[in-house]
Amino acid sequence: MKKIGEGKTKAVFQDETGKRYFLRFKDDITAFNMEKHEQLQGKGALNCDITWMIYEHLKKNGIDTSYIARTDEITIEVSDVKMIPVEVVVRNRAYGSFLKRFDLVSGAKLDFPLVEFFYKDDERNDPQLTRELFELMDLATPEEIEELKRSAKKINGILLALFESCGISLVDFKIEFGKDPSGKLLLADEIDPDSCRLWGQDGEMLDKERFRKGMGKIVESYKDIQGRLKGVL
Ligand code: UDP
């Protein structure tokens, strides 16, 4: 297999035929634009498992995804998609960068789920996109932007119910989409405690925030989430 791309926590491989693609999860964990970077043994396998469980659940609930099969502990076979360089963030509660922009009580429930778009550009700290900027930068058509928003809200509804059923509050999360060769939008990339904020019933943080804040017990928390999801899926 040939490595054709690599990010901070995942790498993409192509097989000898050039027709099959594989996403491999690494043990790396990073925050603050790589300012903080460590390796945590077993994290890649945990995120691969959690992402796969969530994708299977989303697929059962009618979401189109690029995920085909789990091929080993740390690898998922995916279809050929061209990624849209945009982070789609859905917020149910006020936290993280949202609190830097608006003076709200940390963790306050929002009246409705908010969908925001950010252009993926580490050098510029992922600037936020308005609908017009999205279009102006040729990242998507107005119809596609609407579809991304609709899909993000639907995914949020499914994930909120899933996490609630295992005693977890889904505070916010980030997803990404790609386009298949026919131009169809597909959910792609990870959905795991690196990309979601997940709080237990007592408000305990169970996600990557533990790493950002230096709270420790990161792998243990990810295992807790994996176990809870296994219990309900
Ligand atoms: N997020 C992510 N990757 C990023 C930026 C954000 O997965 O590059 C996730 C983050 O874990 C959280 C949500 O998106 O669940 C919203 O993040 P926010 O905009 O509050 O930014 P942050 O506080 O992480 O800088």
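Here's what I pulled together on the structure shown here. These numbers come from a predicted model, not from an experiment. (Residues numbered from 1 in each chain as written. Predicted model: local features only at pLDDT ≥ 70, side-chain atom pairs only at ≥ 80, totals over all residues. Heavy atoms only, no water.)

### Overview of a nonpolar patch on the surface
Part 1 of the reasoning: Judged by side-chain polarity, Leu 133, Leu 136 and Met 137 come together as a nonpolar surface patch covering roughly 310 Å² of accessible area.
Part 2 of the reasoning: For Met 137, the position within the fold is in the loop between α3 (131-136) and α4 (142-164).
Part 3 of the reasoning: Overall, the relative accessible area of 45% leaves Met 137 in the partly exposed class. (Patch = residues over 30% accessible without salt bridge, like charges linked within 9 Å, V, L, I, M, F, W, Y side chains within 5 Å. Areas by Shrake-Rupley, 256 points an atom, 1.4 Å probe, with all protein chains shown as cover. Salt bridge = Lys/Arg side-chain N within 4 Å of Asp/Glu carboxyl O. Helix = DSSP H or I, 4+ residues; strand = E, 2+ residues; numbered from the N terminus. Buried < 20%, exposed > 50% of the residue type's maximum accessible area, 1.4 Å probe, protein only.)

### Describing empty space enclosed by the protein
Part 1 of the reasoning: One pass over the full model with this rule turns up 1 cavity of 30 Å³ or more.
Part 2 of the reasoning: One number sums up the size of the largest cavity: a volume of about 30 Å³.
Part 3 of the reasoning: For the largest cavity, the full set of lining residues is Thr 9, Lys 10, Phe 25, Lys 26, Lys 43, Gly 44, Asn 47, Glu 190, Asp 192 and Asp 194.
Part 4 of the reasoning: At 3 residues, helix α1 (residues 43-60) tops the list of elements feeding residues into the lining of the largest cavity.
Part 5 of the reasoning: Residue composition of the lining of the largest cavity, by class: 1 nonpolar, 3 polar and 6 charged. (1 Å grid on protein atoms, 1.4 Å probe; cavity = no way out; pocket = protein on both sides within 12 Å on 5 of 7 lines; lining within 4 Å. Points joined across faces, edges and corners; volume = space filled by probe spheres on them. Nonpolar A, V, L, I, M, F, W, Y, C, P; charged D, E, K, R; others polar.)

### Observations concerning the pattern of salt bridges
Part 1 of the reasoning: Counted by the stated rule, this structure contains 26 salt bridges.
Part 2 of the reasoning: Here Lys 10 ties to Asp 189 by a salt bridge, and the two come within 2.9 Å at their closest N and O atoms. Placement of the pair is Lys 10 in strand β2 (residues 10-14) and Asp 189 in the loop between β13 (185-188) and β14 (196-199), with a sequence separation of 179 residues. In this pair, the class of Lys 10 matches that of Asp 189, namely buried.
Part 3 of the reasoning: In this structure, Arg 212 and Glu 209 form a salt bridge, with 2.5 Å as the shortest nitrogen-oxygen distance. Of this pair, Arg 212 and Glu 209 are both found in helix α5 (residues 209-212), 3 residues apart, which corresponds to roughly one turn of the helix.
Part 4 of the reasoning: Given a relative accessible area of 24%, Arg 212 falls into the partly exposed group.
Part 5 of the reasoning: On the accessibility criterion, Glu 209 (6% relative accessible area) is buried.
Part 6 of the reasoning: Linked through salt bridges whose partners overlap, the residues forming this network are Arg 91, Arg 101, Glu 116, Asp 172, Arg 197, Glu 209, Arg 212 and Lys 213.

### Some details on the packing of α1 against helix α6 (residues 218-232)
Part 1 of the reasoning: Running from N to C, α1 and α6 point in directions that differ by 25°, and their axes come no closer than 10 Å. It follows from the interaxial angle that α1 and α6 lie roughly parallel. For α1 against α6, the interelement crossing comes out left-handed. Where α1 abuts α6, its residues Lys 43, Leu 46, Asn 47, Asp 49, Ile 50, Met 53 and Ile 54 lie against Val 219, Tyr 222, Lys 223, Ile 225, Gln 226, Leu 229 and Lys 230.
Part 2 of the reasoning: Class assignment for the residues of the contact of α1 with α6 results in 8 nonpolar, 2 polar and 4 charged. (Axes fitted to C-alpha atoms, helices over the stretch in contact; angles between N-to-C directions. Parallel < 35°, antiparallel > 145°, perpendicular 65-115°, else oblique. Left-handed = near helix turned anticlockwise from the far one by under 90°. Contact = heavy atoms within 4.5 Å.)

### Overview of the pairing of strand β5 (residues 36-39)
Part 1 of the reasoning: As defined by bridge partners, strand β4 (residues 28-31) adjoins β5 across 4 bridges and the pair is classed as antiparallel. Each residue of the ladder has a partner; that of Asp 28, found in β5, is Gln 39.
Part 2 of the reasoning: The hairpin turn running from β4 into β5, its antiparallel successor, is 4 residues long, and Phe 32 in that turn takes a positive phi close to 50°. (Pairing = 2+ DSSP bridges.)

### Considerations on the nonpolar core
Part 1 of the reasoning: Ranked by internal contacts, the top residues of the largest apolar core, which has 46 residues, are Leu 159 and Phe 163.
Part 2 of the reasoning: Among the elements that take part in this core, α4 stands out by supplying 8 residues, more than any other.
Part 3 of the reasoning: Excluding anything up to four places from it in sequence, Leu 159 contacts Ile 54, Leu 58, Leu 170, Phe 173 and Ile 191. (Core = buried A, V, L, I, M, F, W, Y, C linked by side-chain atoms within 4.5 Å.)

### What to know about α4
Part 1 of the reasoning: Helix length check: α4 (23 residues) gives 33 Å between terminal C-alpha atoms against 33 Å at 1.5 Å per residue, within 8%.
Part 2 of the reasoning: For α4, the complete set of buried residues consists of Glu 144, Ile 145, Leu 148, Ala 152, Ile 155, Asn 156, Ile 158, Leu 159, Leu 162 and Phe 163. (Expected span 1.5 Å × (residues − 1).)

### Some remarks on the environment of Asp 202
Part 1 of the reasoning: Inspection of the secondary structure assignment puts Asp 202 in the loop between β14 and α5.
Part 2 of the reasoning: Looking at Asp 202, its side chain comes within polar contact range of the main-chain nitrogen of Glu 204, at 3.1 Å. (Polar contact = N/O pair within 3.5 Å; in protein donor to acceptor, adjacent residues only side chain to side chain.)

### Focus on the site of the ligand
Part 1 of the reasoning: Taken together, 15 residues are adjacent to the ligand, and Arg 91, Ser 97, Asp 172, Arg 197 and Arg 212 come closest.
Part 2 of the reasoning: The contact in question runs from an oxygen atom of the ligand to an N or O atom on the backbone of Ser 195, over 3.4 Å.
Part 3 of the reasoning: Arg 212 places a polar side-chain atom, nitrogen or oxygen, 3.1 Å from an oxygen atom of the ligand.
Part 4 of the reasoning: Surface burial for the ligand is 77%, taken as the share of its 500 Å² of free accessible area covered by protein chains. (Near = heavy atom within 4 Å.)

Worth remembering: the numbers are spatial, not functional.
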